[in-house]
Protein chains: 2
Amino acid sequence: MKLSNTSEYAIRILSFMARNPERKYAAKYLIEQLKISDKYLRRILTTLSKEGIITSSQGREGGYTFQKKIQDIFLSDIIDATEGMEKYLGCVLGFKECSDENPCAFHRQWVTTRAKIVHDFQETSLTDLNLNANIKF
Amino acid sequence: MKLSNTSEYAIRILSFMARNPERKYAAKYLIEQLKISDKYLRRILTTLSKEGIITSSQGREGGYTFQKKIQDIFLSDIIDATEGMEKYLGCVLGFKECSDENPCAFHRQWVTTRAKIVHDFQETSLTDLNLNANIKF
DNA sequence: GCAAAATACTATATCTAAGTAGCATTTAAA
DNA sequence: TTTAAATGCTACTTAGATATAGTATTTTGC
Ligand code: SF4
Ligand code: SF4
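Remember, it's a predicted structure, so these values are computed and weren't measured experimentally.

### Side note on helix α5 (residues 105-123) of chain B
And step 1. When the terminal C-alpha atoms of α5 of chain B are compared, their 28 Å separation across 19 residues agrees well with the 27 Å that a helix rising 1.5 Å per residue should span.
And step 2. Taken residue by residue, α5 of chain B has F106, W110, T113, I117, D120 and F121 of chain B as its buried positions.
And step 3. The inward-facing, buried residues of α5 of chain B contact α4 (75-82), α5 (105-123) and α6 (126-130) of chain A together with α4 (75-82) of chain B.

Spelled out as structure tokens, the structure:
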């Protein structure tokens, strides 16, 4: 019922970068602005880079830029890249998956709720978050 | 997005007990039936007892019985007793809570989704789960 | 009263996510 | 070509949830 810290950080970092999507961001600058531990932030950005969301350039004048348009980067992409979505499959109550023919009363409700959760994350892009000038980083 | 193991165990144990709600269950029996570690199960049941969901009786012939009618024990009660619900408040994306006047696009969607999540857990009782004879413990 | 059978408590061990440290590698300006 | 400034990799540490072990306490039948 809660995203991992790593996912939350990834979303915060990318949202911050989305304010100026064309620019190249150095880790050092992001660390200053977002107050995230040096190596932890770098690890997250390396992951996002390998997952195809951003591009990293090494060496002097290196940094991170978006690999895709920010309107095409959805929250579900970011969550997938950091913590994965597998654990949200199966029965949320922890039972061995029951037969679909005779589900409990909760099952019927939860099917639509889970669909709504997934839908929300799949439909919201970095552009949607960025519309709000009030976000506190 | 996932319940804690402890919550899942609590739900499994109570659902099992709900099959015969009047009977007194000894920990030893539940351990055999549900294949949960001795001390871990006992700890969970002690917690549920202190939280007013079940009653424990010590000593020889002791065990655990329901303190309330099973149709009045909702999933939200069990989750509250074991892991609490606090972590699900605040911004699910990990931002400092923004002003409600100018929320991001995700906020509007998530308000209704979260309400549906909470509603599902608050409306489903042990009786509802127990209606399904197919549940695998 | 005593022993058996049950729960309660406290301390310890294990596992995984979170966070930190140090060194290696890459790149381009000088 | 050297060197500064950036990212990448591997190992270690920390914290919290999960799980186990051992002992204490309670209750009842005898
Ligand atoms: S029927 Fe109920 S217990 Fe079974 S998998 Fe669905 S939600 Fe879980
Ligand atoms: S407006 Fe968006 S970022 Fe701010 S609290 Fe709501 S969901 Fe989170």
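### Quick word on the side chain of R12 of chain A
And step 1. Note on placement: R12 of chain A falls in helix α1 (residues 5-17).
And step 2. There is no salt bridge for the buried R12 of chain A, and the closest opposite charge comes from E8 of chain A, which lies 7.3 Å off by N-O distance.
And step 3. Among residues more than four places away in sequence, those in contact with R12 of chain A are L34, I36 and F137 of chain A together with G94 and F95 of chain B.

### Concerning the protein's contact with DNA strand D
And step 1. The full set close to DNA strand D counts 25 residues, and A27 and R42 of chain A together with S37, K39 and Y40 of chain B are the nearest of them.
And step 2. If you look at DNA strand D and keep only atoms within 4 Å of the protein, 66% of those are sugar or phosphate atoms.
And step 3. At 3.1 Å from a phosphate oxygen of DNA strand D is found a side-chain nitrogen or oxygen belonging to T6 of chain B.
And step 4. Secondary structure elements with two or more residues in the surface near DNA strand D: α3 (38-50), β1 (54-57) and β2 (63-66) of chain A together with α1 (5-17) and α3 (38-50) of chain B.
And step 5. At four residues, α3 of chain A tops the list of elements feeding residues into the surface near DNA strand D.
And step 6. Split into classes, the residues belonging to the surface near DNA strand D amount to five nonpolar, 13 polar and seven charged.

### Considerations on the site of ligand 2
And step 1. If you check the shell around ligand 2, you find eight residues, and the closest are C91, F95, C98, C104 and H107 of chain B.
And step 2. Nearby residues around ligand 2 are contributed by chains A and B.
And step 3. Taken together, the residues of the shell around ligand 2 break down into six nonpolar, two polar and no charged.

About the criteria used
- Residues numbered from 1 in each chain as written.
- Chains lettered and ligands numbered in written order.
- Predicted model: local features only at pLDDT ≥ 70, side-chain atom pairs only at ≥ 80, totals over all residues.
- Heavy atoms only, no water.
- Helix = DSSP H or I, 4+ residues; strand = E, 2+ residues; numbered from the N terminus.
- Expected span 1.5 Å × (residues − 1).
- Buried < 20%, exposed > 50% of the residue type's maximum accessible area, 1.4 Å probe, protein only.
- Contact = heavy atoms within 4.5 Å.
- Lys, Arg positive; Asp, Glu negative; His and termini not counted.
- Salt bridge = Lys/Arg side-chain N within 4 Å of Asp/Glu carboxyl O.
- Near = heavy atom within 4 Å.
- Polar contact = N/O pair within 3.5 Å; in protein donor to acceptor, adjacent residues only side chain to side chain.
- Nonpolar A, V, L, I, M, F, W, Y, C, P; charged D, E, K, R; others polar.

Honestly, that's just the spatial picture; any functional story needs more than this.
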